[in-house]
Amino acid sequence: MTTALHIYHSITRQKELFIPETPGFIGMYVCGPTVYNDVHLGNCRTFVSFDIIYRYLQTIGYQVRYVRNITDVGHLLDDGEDRMSKGARLEKKEPMEVAQKYTVGFHNMMRIFQTLPPSIEPRATGHIPEQIEMVETILKNGLAYIKNGSVYFDTQKYIDNKGDYGVLSGRKIDELLSETRDNLKNQSEKNHPADFAIWMKASDEHIMRWNSPWGIGFPGWHLECSAMSLKYLGEVFDIHGGGNDLKFPHHENEIAQNMGSCQCKGAKYWLHTNMLLLNGKKMSKSDGNTISPEQLFIGNSEHISKSYSPMVVKFFMLQCHYRSTLDLTDAALLAAEKGYKRLMEAYKWIQSVNHPGTKGDAGQDADIEALIEAAHLDMADDFNTPKALSRLFELVNKLNSLKDKHIGWDQISPATFENIKQVFSLFINDIFAVDSDVEGDLSGNQDKSLLDGLMNLIIQMRNDARLRKDWATADLIRDALKENKVELKDGKDGSSWQVTES
RNA sequence: GGUCGGGUGGCCGAGUGGCUAGGCAGAGGUCUGCAAAACCUCGUACGACGGUUCGAAUCCGCCUCCGACCUCCA
């Protein structure tokens, strides 16, 4: 932990030196998915980004408690996506059934993207008492009022007391006033249009409902994150993350709730990931500009020409900084796929090779050590994955030169070579976690030795043919293998092979 | 209309007051029986217009285009 970590804080809008509340420990909260629908690719980008951050913080020595919630209340209205049947009781889907289905799907997708599970994954419905308690505290502090069984946060009073509503989003409360839509529910109940519900009275049709001091209802949309981060991370914790689109009103309200209840600001650093676009536009189901992770993986979409493996998609995401919008296009994915393969081939090569000599060359060693150092510094500079990747590619260049004997073994010392090995392993396995796709990796299981043996035999037979200058046989073998998705490459040290995808 | 963030070479994308990533594609070359891969070389970009400066694509102003948010939203 020698390098100073700088992260971009959304409130101050600049990079700041990161100082954890407790040395050596980090509390991180990320707003999780609402499980009423299949995971959206954009969600995946956000959670992949925070997974990289989580992994990176651990590799530099922090003990991290990563809390990511599951939102299973608040948006589950019965006119939602899953259209609860109006028929018999058994035909209706229990809200929990819906939530369970999509939670499982979400977890699956996270596994496919090789993300680590968070330390704690609390559900909003599992924390109703905590939320009620928080509402009570806010009421007690005089920053909320009750209207017809609902409780609203009093933004006016909050501003009079503290005056910082809008720090995150830059909104001015007076401007919010003029833009109010009259079709908003219960708008007339509010004292001020900027006020928001922290407890909602349940109408008769509303299927999720709990008893509370204010009658039957359900918690407000923004309350769960305040209550759960407080419970698991305390009044002050280090990092709060989420998608850019949650800044307002969700995060803004969260801050207000925290301040309004325990007078604590919650997160010290707010991080926001930027949006994933499809062909330059926001993904939207209504106008067909959308693609699901599954469609991407099986190539079933008008927007792409072929399928892309999860790791290619992940690599594609890592080539862009988390704070930038990323435009997903077929051409960009194609380019990412090739780059990914190149990186991984170099990685596999270095894993399988040991330095044969003892000497090195000061010039090359210094070059390489500088690249390695730079890659670490890039990550410490607001998690700059694209820049760190660029260093890795420069190392790939060195490795390929070494492989092709343009650089001699006597020019790179064993220690430096070992360092390259380590940095590749660190980034590709531990930080980026793009080492292999979950399925379809033929060389990854116990069949490997059998396959290796067979391939060695075939390669040997072909080499005999080549020595006899029997090109017809040699080419026949190579072509036949290619038909079976095995690609042969004749290098200076003999032939190598790999299984090709699709 | 308001808030915020952007417009970088053929494409994707970093970055930055002077040293100007990386990937993909393209051109030429090396290697190779051929192929593939790899390696070497090349392109010299920062929306428009003003301004600040010895010097800006990087700072300021204005214009323009794009995106997100302002309503559940990663």
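Anything mentioned here points back to the structure above.
Please read these numbers as outputs of a predicted model, since none were measured by experiment.

Peer 1: Now, about the overall build of chain A: what can you tell me, with residues and values included?
Peer 2: A count of helices and strands for chain A gives 15 helices and 15 strands. Across the 502 residues in chain A, those meeting the buried criterion constitute 48%. Long-range pairs, those at least 24 residues apart, make up 74% of the contacts in chain A with a sequence separation of at least 6.

Peer 1: Outline the sheet that holds strand S7 (residues 196-201), supporting the account with residue identities and numerical values.
Peer 2: In spatial order, the strands read S5-S6-S7-S8; together these 4 strands make up an open sheet with antiparallel pairing. If you trace the sheet from one side to the other, it starts and ends with strand S5 (144-147) and strand S8 (217-219), each paired once. Neighbour-to-neighbour, the strand axes of this sheet turn through a mean angle of 20°, independent of strand direction. In terms of strand pairing, S5 meets strand S6 (residues 150-153) through 4 bridges, oriented antiparallel. Within S6, the position partnered with Ala144 by the bridge is Phe153. Sitting on the sheet, helix H7 (residues 247-262) touches S6 and S7, and the angle it makes with S7 is about 85°.

Peer 1: So, the pairing of S6: which residues are in play, and what are the values?
Peer 2: Neither face of S6 is left uncovered, since the one carrying Ser150 and Tyr152 and the one carrying Val151 and Phe153 both have all their residues buried. Pairing between S6 and S7: 3 bridges, direction antiparallel. For Val151, the partnering residue across the bridge sits in S7 and is Trp199.

Peer 1: So what's going on with the nonpolar core? Residues and values would help.
Peer 2: Counting 89 residues, the largest nonpolar core has Leu41, Leu57, Leu296, Phe424 and Phe432 as the members making the most contacts within it. A per-element tally of this core places helix H1 (residues 41-59) first, with 10 residues. Beyond its immediate stretch of four places on either side in the chain, Leu57 contacts Leu5, Ile26, Tyr62, Val64, Ile239 and Phe383. Among the nonpolar cores identified, the runner-up in size contains 40 residues, and Val67, Ala202, Trp214 and Leu233 belong to it.

Peer 1: How would you sum up the sheet that holds strand S4 (residues 63-68)? Please name residues and give values.
Peer 2: With parallel pairing, the 4 strands of this open sheet are ordered in space as S4-S3-S9-S10. If you trace the sheet from one side to the other, it starts and ends with S4 and strand S10 (266-273), each paired once. Taking each pair of neighbouring strands and ignoring which way they run, the sheet shows an average axis angle of 25°. As defined by bridge partners, strand S9 (residues 236-243) adjoins S10 across 7 bridges and the pair is classed as parallel. When the bridges of S10 are listed, His240 appears paired with Trp270.

Peer 1: I'd like a description of the state of the cysteines, backed by residues and values.
Peer 2: This structure, assessed with the given rule, holds 1 disulfide. Disulfide partner of Cys262: Cys264, at an S-S distance of 1.7 Å. According to the relative accessible area criterion, Cys264 is buried, its value standing at 5%. Its sulfur unpaired, Cys225 is 3.7 Å from the next cysteine sulfur, which belongs to Cys31.

Reading the values: the criteria
- Residues numbered from 1 in each chain as written.
- Chains lettered and ligands numbered in written order.
- Predicted model: local features only at pLDDT ≥ 70, side-chain atom pairs only at ≥ 80, totals over all residues.
- Heavy atoms only, no water.
- Helix = DSSP H or I, 4+ residues; strand = E, 2+ residues; numbered from the N terminus.
- Buried < 20%, exposed > 50% of the residue type's maximum accessible area, 1.4 Å probe, protein only.
- Contact = heavy atoms within 4.5 Å.
- Pairing = 2+ DSSP bridges.
- Axes fitted to C-alpha atoms, helices over the stretch in contact; angles between N-to-C directions.
- Core = buried A, V, L, I, M, F, W, Y, C linked by side-chain atoms within 4.5 Å.
- Disulfide = S-S within 2.5 Å.

Honestly, that's just the spatial picture; any functional story needs more than this.
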